[in-house]
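Summary of the model geometry
Chain by chain, the residues:
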Amino acid sequence: MKEYYVLTAKDFYDGLKEDKLLGLRCKECGQITCPPLPTCQWCGSKDLEKTELSGNGEILTFTLTDVPPEGFEPHYIVCLVRLDEGPTIMGRLDYDAEKVTVKYERSQELIGKKVKAGHIVLPADKYSMGEKLVPLFKVV
Ligand SMILES: [Zn+2]
């Protein structure tokens, strides 16, 4: 019997702890799905195999959080990154918020910048069941 979940969320986060970005390669269309889903995000096929991604990509968009949700520190940047392998994922951006606010006057200077994925552990808050592991991108 074929294993249904080739890459679980736990597998994904275990990889992320080691700065490895794991995804799924579709055996039908060849596209990459990341973060993991039960089916290919492009064609819906369940014929997937686990693959390690480069972690390289470029910033599609970002936002600077001035007024954070309860339990978070202000002035962090959330970005949407298109990975070199195709899929887009969200994460934090390791970047000086002052530069985005003052130097660039919240211009779109970060858009299109090349980044590399790592990870960050965020402390637990009242909405979570513990620490949270999220992708952290650094401009390269
Ligand atoms: Zn597919």
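Residues numbered from 1 in each chain as written. Predicted model: local features only at pLDDT ≥ 70, side-chain atom pairs only at ≥ 80, totals over all residues. Heavy atoms only, no water.

Scanning the protein for helices and strands turns up 2 helices and 8 strands. Mapped in sequence order, the helices and strands of the protein form the string α-β-β-β-β-β-β-α-β-β. The 140 residues of the protein split such that 34% are buried. The contacts of the protein with a sequence gap of at least 6 include a subset with a gap of at least 24, amounting to 49%. Accessible area for the protein stands at about 8300 Å²; split by element, carbon and sulfur atoms hold 52% of it. The average position of the 19 basic charges and that of the 22 acidic charges among the side chains of the protein differ by 2 Å. (Helix = DSSP H or I, 4+ residues; strand = E, 2+ residues; numbered from the N terminus. Buried < 20%, exposed > 50% of the residue type's maximum accessible area, 1.4 Å probe, protein only. Contact = heavy atoms within 4.5 Å. Areas by Shrake-Rupley, 256 points an atom, 1.4 Å probe, with all protein chains shown as cover. Lys, Arg positive; Asp, Glu negative; His and termini not counted. Charge placed at Lys NZ, Arg CZ, Asp CG, Glu CD.)

Turning our eyes to something else, we now look at the side chain of Thr51. Secondary-structure assignment places Thr51 in strand S3 (residues 48-53). The residues contacting Thr51, other than those within four sequence positions of it, are Leu21, Leu22, Gly23, Leu24, Arg25 and Ile32.

What follows is about the packing of aromatic side chains. All chains considered together, the criterion is met by 1 aromatic pair. Pairing Phe12 with Tyr13 gives two aromatic rings, centres 5.2 Å apart and planes at 80°, and the pair type is edge-to-face. On the basis of relative accessible area, Tyr13 is assigned to the partly exposed category, the value being 37%. Positioned over the ring face of Tyr76 is Arg92, at 3.6 Å from the centre of the ring. (Phe/Tyr/Trp six-rings, centres within 6.5 Å; stacked < 30°, edge-to-face > 60°. Lys NZ or Arg CZ within 6 Å of the ring centre and 35° of its normal.)

For the zinc ion, the full set of protein donor atoms is Cys26 (SG), Cys29 (SG), Cys40 (SG) and Cys43 (SG), and the range of their distances to it is 2.3 to 2.4 Å. Here the zinc ion binds 4 donor atoms, and the angle range of 104 to 115° at the metal identifies the geometry as tetrahedral. Read in sequence order, the donor residues for the zinc ion give the motif C-x2-C-x10-C-x2-C. When its relative accessible area of 3% is taken as the criterion, Cys26 is described as buried. (Donors = N, O, S within 2.8 Å, 3.2 Å for Na, K, Ca; no water. Tetrahedral: all angles 85-135°; square planar, octahedral: opposite > 155°, others 65-115°.)

Judged from the 3 bridges that link them, strand S4 (residues 56-65) and strand S7 (residues 114-122) form a sheet pairing that is antiparallel. Looking at S7, one finds that Asn56 is bridged to Lys116. The pairing of S4 with strand S5 (residues 76-83) spans 8 bridges and is classified as antiparallel. When the sheet's bridge partners are listed, Leu64 is paired in S5 with Ile77. (Pairing = 2+ DSSP bridges.)

A separate point is the pattern of salt bridges. Tallying each qualifying case throughout the model produces 8 salt bridges. In this structure, Lys27 engages Asp47 in a salt bridge whose closest nitrogen and oxygen atoms are separated by 4.0 Å. Placement of the pair is Lys27 in the loop between strand S1 (21-26) and strand S2 (32-33) and Asp47 in the loop between S2 and S3, with a sequence separation of 20 residues. For the salt bridge of Glu58 with Lys114, the shortest nitrogen-to-oxygen distance reads 3.3 Å. (Salt bridge = Lys/Arg side-chain N within 4 Å of Asp/Glu carboxyl O.)

Our focus in this paragraph is the domain arrangement of the protein. Split into domains, the protein comes out as domain 1 (9-53) and domain 2 (56-139). Averaged C-alpha coordinates put domain 1 and domain 2 at centres separated by 21 Å. Each partner contributes residues to the interface: domain 1 has 11 residues there, and domain 2 has 12 residues. Buried surface at the junction of domain 1 and domain 2, both sides included, amounts to about 1000 Å², of which 72% is carbon and sulfur. Considering only the surface of domain 1 that becomes buried against domain 2, Leu16, Asp19 and Leu21 emerge as the three largest contributors, covering 40% of it. Connecting domain 1 to domain 2 are 0 salt bridges. Summed over the shared surface of domain 1 and domain 2, the result is 2 residue pairs in polar contact (both at pLDDT 80 or more). (Domains from an automatic or database assignment. Buried area = accessible area lost by both parts, 1.4 Å probe. Polar contact = N/O pair within 3.5 Å; in protein donor to acceptor, adjacent residues only side chain to side chain.)

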